[in-house]
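The residues making up each chain are set out below.
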Amino acid sequence: MNKERLIKSSDRVKSLGEVFTPKNIVKQMLDQPEVMEKVNDLTATILEPSAGEGAFLVEVLRRKMKVALSQSKSADEFDDKGLVALSTLYGIELMEDNVEMLVMNMFSQFSFDYQSGTKQLGGSPNKEVLESAKVIIQANMVQGNALTKIDGDGNPIVFSEWQLLPIVGNIKHQKVQRLEHTFQDILDGKEESQGVLTHKDSEELDLFDFLDEDYNPEEEEQDIKKQYAPVRITKVYKKELEG
Ligand SMILES: C[S@@+](CC[C@H](N)C(=O)[O-])C[C@H]1O[C@@H](n2cnc3c(N)ncnc32)[C@H](O)[C@@H]1O
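What counts and what doesn't
Numbers given for residues are sequential positions, taken from 1 along each chain in its written order. For this predicted model, a pLDDT threshold of at least 70 governs which residues receive local features, and a threshold of 80 or more governs which side-chain atom pairs are given and counted, while totals over whole chains, interfaces and linings are taken from all residues. To get the side-chain values, take all heavy atoms of the structure and skip hydrogens and water. Two strands pair under a simple rule: DSSP has to find at least two bridges between them. Strands here mean DSSP runs of E at least two residues long; helices mean DSSP runs of H or I at least four residues long; both are numbered from the N terminus. Two residues form a contact once any of their heavy atoms are found within 4.5 Å. Axes, fitted as lines to C-alpha atoms, cover a helix only where it is in contact. Angles between the N-to-C directions of the axes lie from 0 to 180 degrees. Any Lys or Arg side-chain nitrogen found within 4 Å of a carboxyl oxygen on Asp or Glu counts as a salt bridge. Classification of residues uses two cut-offs on accessible area relative to the type maximum, computed with a 1.4 Å probe and protein chains only: under 20% is buried, over 50% is exposed, and between them is partly exposed. For each residue, the test is whether any non-hydrogen atom lies within 4 Å of the molecule or strand; if one does, the residue is near. By the criterion applied in these results, polar contacts are pairs of N or O atoms within 3.5 Å in which, for protein atoms, one can donate a hydrogen and the other can accept it, and in which residues neighboring in sequence qualify only through two side-chain atoms. Per-residue accessibility takes into account occlusion by the displayed protein chains alone, with areas from the Shrake-Rupley method and a 1.4 Å probe. We call Asp, Glu, Lys and Arg charged. Ala, Val, Leu, Ile, Met, Phe, Trp, Tyr, Cys and Pro are nonpolar, and the rest, Gly among them, are polar. Remark: nonpolar core denotes a set of buried residues (Ala, Val, Leu, Ile, Met, Phe, Trp, Tyr, Cys) joined through side-chain atoms within 4.5 Å. As a per-residue quantity, pLDDT reports the predictor's confidence and falls between 0 and 100. Geometric relationships in this document are graded by angle, where less than 35 degrees denotes roughly parallel, more than 145 denotes roughly antiparallel, 65 to 115 denotes roughly perpendicular, and other angles denote oblique. Left-handed describes a crossing whose near helix is turned anticlockwise from the far helix through less than a right angle; right-handed describes the clockwise counterpart.

Novice: Help me out: how do you make sense of the sheet that holds strand S4 (residues 150-151) in this one?
Specialist: The strands making up a sheet associate through backbone hydrogen bonding, with each pair oriented either parallel or antiparallel. In spatial order, the strands read S1-S2-S3-S4; together these four strands make up an open sheet with mixed pairing. Both edges of this open sheet fall to strand S1 (46-48) and S4, since each of them pairs with a single strand only. Both strand S3 (residues 141-145) and S4 contribute to a ladder of two bridges, which runs antiparallel. In the sheet register, Gly 144 faces S4, and the bridge partner there is Asp 151. Strands strand S2 (89-93) and S3 of the sheet are contacted by helix H7 (residues 127-140), whose axis makes an angle of about 15° with S3.

If you want it as structure tokens, here you go:
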């Protein structure tokens, strides 16, 4: 049996509090009813502000991919639903080496679940889905400091909102619009709508829920850092900008 490596060095434990959570504890914590409710909701967003190598996010992804599969009647539908599940998961991690592992672990979990789910539905994997998954993971897993909200390059942390557009007419495919916001703007928006956030709240926050009610893109425009063209979610790898 593989022994889990939970500590990299005693210096890092002292300076960063870096002790990874064992798999059995992660599973027990995610089995709590209030967490399960979020995991079972394909579109509920989850942010881990000290993500490490992804102990929690990877297990949440595995569970959300199961939900996506159970809701898909065809491989084509699973292409969309799998990517929607992935797009709801966000992480911040201070250390570059941990972020590399986090990105790799998220992609290998997605790739494994996507390929096996597609097979179960009688389809074959679509390269565009895997390319889009890479773009989503790169955007959502940020190297930075969750407390100062500054990224590894010294810029404000920016998150992409993958806003699901309503499915209209005969078009069955899920379209999304990628909108970039600074982490600070997201927290300020939440403070306005819900009162002051504590650090604990931010660990559990539904990242963009303050935008859900009465959302008016025109009013929000000044806060959006970059706006991409609405596309089917399997095409986000093309990174086409609006206009
Ligand atoms: C106790 S470990 C937990 C990692 C992961 N959540 C897990 O359960 O395995 C804490 C992690 O937070 C990171 N960290 C420490 N300070 C941070 C900060 N200000 N912003 C973002 N990440 C931070 C550390 O590098 C470490 O990977």
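That shown, we press on.
Novice: Whenever I open this one, the pattern of salt bridges confuses me. Can you help?
Specialist: Pairing is possible between side chains of opposite charge, provided their charged atoms come close. For the structure shown, the criterion picks out 15 salt bridges. Among the salt bridges present, the one from Glu 53 reaches Arg 5, with a minimum N-O distance of 3.3 Å. Note that Glu 53 is positioned in the loop between S1 and helix H4 (55-70) and Arg 5 in the segment before helix H1 (10-16), a separation of 48 residues in sequence. Glu 53 sits in the buried class, given a relative accessible area of 13%. Residue Arg 12 is joined to Asp 97 by a salt bridge in which the shortest nitrogen-to-oxygen separation is 3.0 Å.

Novice: Quick question: what am I supposed to make of the site of the ligand here?
Specialist: With respect to spatial proximity, 21 residues lie near the ligand, and among them Gly 17, Thr 21, Ser 50, Glu 93 and Asn 145 are the closest. For the ligand, an oxygen atom lies 2.7 Å from a polar atom in the side chain of Glu 93. Coverage of the ligand by the protein chains reaches 85% of its 590 Å² of free accessible surface. Classifying every residue of the shell around the ligand by side-chain character gives eleven nonpolar, seven polar and three charged.

Novice: Help me out: how do you make sense of the side chain of Thr 234 in this one?
Specialist: Relative to the helices and strands, Thr 234 resides in the segment after strand S8 (231-232). Overall, Thr 234 belongs to the buried group, its relative accessible area being 2%. Sequence-distant contacts of Thr 234, defined by excluding residues within four places in its chain, comprise Asp 79, Asp 80, Leu 83, Glu 128, Val 129 and Ser 132.

Novice: So what exactly am I meant to see when it comes to the nonpolar core here?
Specialist: Core analysis: the biggest nonpolar cluster contains 49 residues, and Leu 83, Leu 86, Met 106, Phe 110 and Phe 159 have the highest contact counts within it. At eight residues, the largest contribution of residues to this core is made by H4.

Novice: What am I meant to see in unusual backbone geometry here?
Specialist: Apart from glycine, the bulk of residues carry a negative phi angle, and the bulk of peptide bonds sit in the trans form. With a phi angle near 65°, Lys 149 is a residue other than glycine that sits in the positive phi range. Residue placement: Lys 149 occurs in the loop between S3 and S4. Phi at Lys 239 is positive, roughly 50°, even though this residue is not glycine. As for its position among the elements, Lys 239 is in the segment after S8.

Novice: Honestly, the confidence of the model for the protein chain in this entry has me stumped. Any pointers?
Specialist: Detailed reading of the predicted model is not advised wherever pLDDT is low. Per-residue confidence for the protein chain gives a mean pLDDT of 88, with 86% of residues at or over 70. Low pLDDT, under 50, characterises residues 195-205; the stretch is placed with 20 contacts to residues that sit more than four places away or in other chains. A low-confidence stretch, residues 211-215 stays under pLDDT 50, and its non-local contacts, those more than four residues away or across chains, total seven contacts.

Novice: How should I be thinking about the side chain of Arg 232 in this particular structure?
Specialist: Residue position: Arg 232 is located in strand S8. Side chain to side chain, Arg 232 and Asp 80 meet in a polar contact 2.9 Å long. Within the structure, the side chain of Arg 232 is placed 3.2 Å from the side chain of His 173, a separation counted as a polar contact. If we ignore the near neighbours within four places in the chain, the residues touching Arg 232 are Asp 76, Asp 79, Asp 80, His 173, Gln 174 and Lys 175.

Novice: Could you clarify how one ought to interpret the packing of helix H5 (residues 75-87) against helix H6 (residues 96-120) in this entry?
Specialist: A pair of packed helices is characterised by two quantities: the angle between their axes and the separation of those axes. Between H5 and H6, the shortest axis-to-axis distance is 10 Å and the interhelical angle comes to 160°. Overall, the two elements H5 and H6 adopt an arrangement that is roughly antiparallel. The crossing of H5 and H6 is right-handed. Between H5, through Ala 75, Phe 78, Asp 79, Gly 82, Leu 83 and Leu 86, and H6, the contact on the second element is made entirely by Met 106, Phe 110, Asp 113, Tyr 114, Gly 117 and Thr 118.

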